[in-house]
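One letter stands for each residue in the lines below.
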Amino acid sequence: DRITAHHEKLLDNPTAYAQAVTAQAQVFPEGSLFPWTFSVHAYTNLAMANDSERAHALARIEALLPPAIRAVEAHLGAPLLQVKDAGQQATWAGQLQLALACYHRLGGTKWKAERAFLDAQLAAALDARQGKPLDSSPGLLWPFDTAPVLLGLRMADLADGTTHHT
């Protein structure tokens, strides 16, 4: 509860939160992404455990996703809907796709086209790899980075009421 209260206080001032996470996380390669997406995952867990938290979680997530999208676009060098190789960027594209799928699983309605675009690219990349892990970044492979992609596609199915990725 203390950690949640502290995080809530930080997020009450989005500009200060952005400055703090930029200063603290910039030493990590994914430091411009994880402070946003990990917070989305935390709010998703809170809302799924207690439905009375859903509206609050959705509001927080709607504030967290734009900086995450901007971070991915900056890293991939293109607007999200123009990215050509999301399957070779499992760390960045996969984490964002999972965050979007979590948001949609809670009932969020924005960024559906962006998530569908990532769903299609990442699912096609998984099919092409025939069970092998996706590249975390071009030429670099950490097998763990495929796990969020798999979870994200499952969450997309749960959000959409489909079994496309099951």
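Placed above this text is the structure.
This section reports on the structure supplied with the text. All residue numbers refer to position in the chain's written sequence, counted from 1. For a predicted model such as this one, the threshold for reporting local features is a pLDDT of at least 70, and the threshold for listing and counting side-chain atom pairs is 80 or more; totals across whole chains, interfaces and linings nevertheless cover every residue. Note: side-chain values were computed over all heavy atoms of the structure, leaving out hydrogens and water.

### Re the overall build of the chain
If you tally the helices and strands in the chain, you get 7 helices and 0 strands. Numbered from the N terminus, helices here are DSSP runs of H or I no shorter than four residues, and strands are runs of E no shorter than two. Across the chain, helices and strands are ordered from the amino to the carboxyl terminus as α-α-α-α-α-α-α. The globule rule used for comparison is 2.2 Å times the number of residues to the exponent 0.38, while the radius of gyration itself is calculated over C-alpha atoms. Its C-alpha atoms give the chain a radius of gyration of 15 Å, within 12% of the compact-globule value 15 Å for 166 residues. Its C-alpha atoms put the chain at 45 × 35 × 25 Å along the principal axes.

### Details of the side chain of Gln121
Along the chain, the position of Gln121 falls in helix 6 (residues 112-129). With a 1.4 Å probe rolled over the protein chains alone, any residue whose accessible area is under 20% of its type maximum counts as buried; one over 50% counts as exposed, and the rest are partly exposed. You can call Gln121 buried: its relative accessible area is 18%.

### Considerations on helix 4 (residues 54-76)
An expected span of 1.5 Å times one less than the residue number is assigned to each helix. For helix 4, built from 23 residues, the straight-helix expectation of 33 Å at 1.5 Å per residue is met to within 8% by its first-to-last C-alpha distance of 31 Å. Bend is computed residue by residue as the angle between axes fitted to the seven residues ending at the residue and the seven residues starting at it. Remark: the principal bend of helix 4, roughly 25°, maps to Leu64, with a proline, Pro66, within the next four residues. Taken together, the buried positions of helix 4 are Ala57, Leu58, Arg60, Ile61, Leu64, Leu65, Pro67, Ala68, Ile69, Ala71, Val72 and Leu76. We call two residues contacting when some pair of their heavy atoms lies within 4.5 Å. Close packing links the buried residues of helix 4 with helix 1 (2-11), helix 2 (14-25), helix 3 (34-49) and helix 5 (90-105). Gly77 lies just past helix 4 and shows a positive phi near 75°.

Bear in mind that shape data such as this cannot, by itself, settle questions of function.
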